[in-house]
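Chain by chain, the residues run as shown.
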Amino acid sequence: MTIQEKIQKLKKEKNAIILAHNYQLPEVQDIADFVGDSLELARISSQIKEKIIIFCGVHFMAETASILAPDKKILLPDINAGCPLANSITPEDVINLKKEYKDYAVVAYVNTSAEVKAESDYICTSANAISVVEKIPEEKIIFIPDRNLGYYVSKYTKKEMIIWNGFCPTHQRILPQDIINLKERYKDAKIVVHPECRREVLELADKIASTSGIIKFVKEDNSKTYIIGTEVGLLYRLRKENPEKEFHLASPLAVCPNMKKITLEKILWSLEDLKPEVKVPDDIREKALKPIERMLKL
Ligand code: 13P
């Protein structure tokens, strides 16, 4: 049996489902039952009937699934698949910010730990950050932890925003000059980037969107060539779903080492041993659920 066949067999026997983020390795995306962005994966975790979720992504995503689906077993095939952006802010930092800026609402990007979510008022993802900030009643906002997404949102709102100085090291490695060089070679190419890119990169873009937002945009757009400013994993799906189009990764350095920790072998071991499990403790879960539910309602 191939490793893929072993995974499929065990998955059926154990009544498990495999969810994968758009940045996962091609072979992981191919074995998954559903591939999507953070918002889609959060939604689907709470809607599916299977009791075991093999979550192919990073730690905060598995935690979000655990918060939304406490009755399910959430397995993260490599427990060390973390997120430096999520790690850039602690719950104590949020408590201190709230003390300093008393009448502000805390809007936390989903790339945060469960403990940080528990101290926040609203959660957003890159797919809905502008609409969350616009729709909530508060006019003053502490936006955590991504400074680039915060900058992008601040361009579309008149609300006052205090922005935490965190960033994603993978997106940070994409430089404006990378985009300019590619644009000189591919003059008709559209520049499509993720809002975690540096603001100088965002300013060069034709379109800024979440990972699934980029996929949707490319599908509906009639250009032939694209310069893609996000993690390399997305290019696999873009090429697979749009074989007639041409995609150029903005920088060869746009590779997330944490997303790449999930392999077929680790998925198989996870299914065999039913670990490593990510389970958010009840007291934190109850507090963290509220801002997530507020987002899902919006
Ligand atoms: P998306 O929600 O756009 O998939 O982004 C998640 C992420 O972690 C980007 O680095």
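Residues numbered from 1 in each chain as written. Predicted model: local features only at pLDDT ≥ 70, side-chain atom pairs only at ≥ 80, totals over all residues. Heavy atoms only, no water.

Summarising burial for strand S7 (residues 140–144): 4 of the 5 residues are buried, a large majority. Relative to strand S8 (residues 160–163), S7 runs parallel, the two sharing 4 bridges. Bridging from a neighbouring strand, Phe143 pairs with Ile163 of S8. Crossover S7 to S8 through helix H8 (residues 147–154) is right-handed. (Buried < 20%, exposed > 50% of the residue type's maximum accessible area, 1.4 Å probe, protein only. Helix = DSSP H or I, 4+ residues; strand = E, 2+ residues; numbered from the N terminus. Pairing = 2+ DSSP bridges. Right-handed = clockwise from strand over helix to strand, strands pointing away.)

Quick look at the sheet that holds S8 now. In space, the 4 strands of this open sheet follow the order S6-S5-S7-S8, with parallel pairing throughout. Looking along the sheet, the strands with just one partner apiece sit at the ends: strand S6 (122–124) and S8. Each adjacent strand pair in this sheet contributes to an overall mean axis angle of 30°, direction not counted. Of the strands in this sheet, strand S5 (105–109) and S7 are in contact with helix H5 (residues 91–100), which crosses S7 at around 160°. (Axes fitted to C-alpha atoms, helices over the stretch in contact; angles between N-to-C directions. Contact = heavy atoms within 4.5 Å.)

Turning our eyes to something else, we now look at the nonpolar core. Membership of the largest hydrophobic core comes to 95 residues, with the highest contact counts inside it found for Phe55, Val107, Phe143, Ile144 and Ile267. Counting residues per element, this core draws most heavily on helix H4 (residues 59–68), which supplies 6 residues. In terms of nonpolar packing, the next biggest core, distinct from the first, is built from 12 residues, Ile214, Ile215, Phe217 and Val218 among them. (Core = buried A, V, L, I, M, F, W, Y, C linked by side-chain atoms within 4.5 Å.)

This part is about helix H15 (residues 282–297). Compared with the 22 Å implied by 1.5 Å per residue over 16 residues, the 22 Å span of H15 between its first and last C-alpha is a close match. Of all the bends in H15, the greatest, near 25°, is centred on Leu289, and the proline Pro291 appears no more than four residues after it. Within H15 the residues assigned to the buried category are Ile284, Arg285, Ala288, Leu289, Pro291, Ile292 and Met295. Where H15 is buried, its residues meet helix H3 (38–47), H4, helix H6 (114–118), S6 and helix H7 (129–135). (Expected span 1.5 Å × (residues − 1). Bend = angle between axes of the 7 residues up to and from the residue.)

To continue, consider the site of the ligand. With respect to spatial proximity, the complete set of residues near the ligand consists of His21, Tyr23, Asp37, Ser38, Met61, Asn111, Ser126, His171, His194, Glu196, Ser210 and Thr211. Between the ligand and Ser38 there is a distance of 2.7 Å, counted from an oxygen atom to a side-chain nitrogen or oxygen. Separating an oxygen atom of the ligand from a side-chain N or O atom of His194 is a distance of 2.8 Å. Of the residues contributing to the shell around the ligand, the split by class is 2 nonpolar, 8 polar and 2 charged. (Near = heavy atom within 4 Å. Polar contact = N/O pair within 3.5 Å; in protein donor to acceptor, adjacent residues only side chain to side chain. Nonpolar A, V, L, I, M, F, W, Y, C, P; charged D, E, K, R; others polar.)

Here we come to the environment of Lys98. Structurally, Lys98 can be placed in helix H5. Considered as a pair, Lys98 and Ile142 are 44 residues apart in the sequence and their alpha carbons are 8.3 Å apart. Once you skip the residues sitting within four places of it in the chain, Lys98 turns out to touch Val106, Glu119 and Ile142. Separated by 2.7 Å, the side chain of Lys98 and the backbone oxygen of Glu119 make a polar contact.

Now for the pairing of strand S12 (residues 246–249). Pairing between strand S11 (residues 225–229) and S12: 4 bridges, direction parallel. For Ile227, the partnering residue across the bridge sits in S12 and is His248. As for the winding sense of the linkage, the β-α-β connection from S11 through helix H13 (residues 233–241) to S12 is right-handed.

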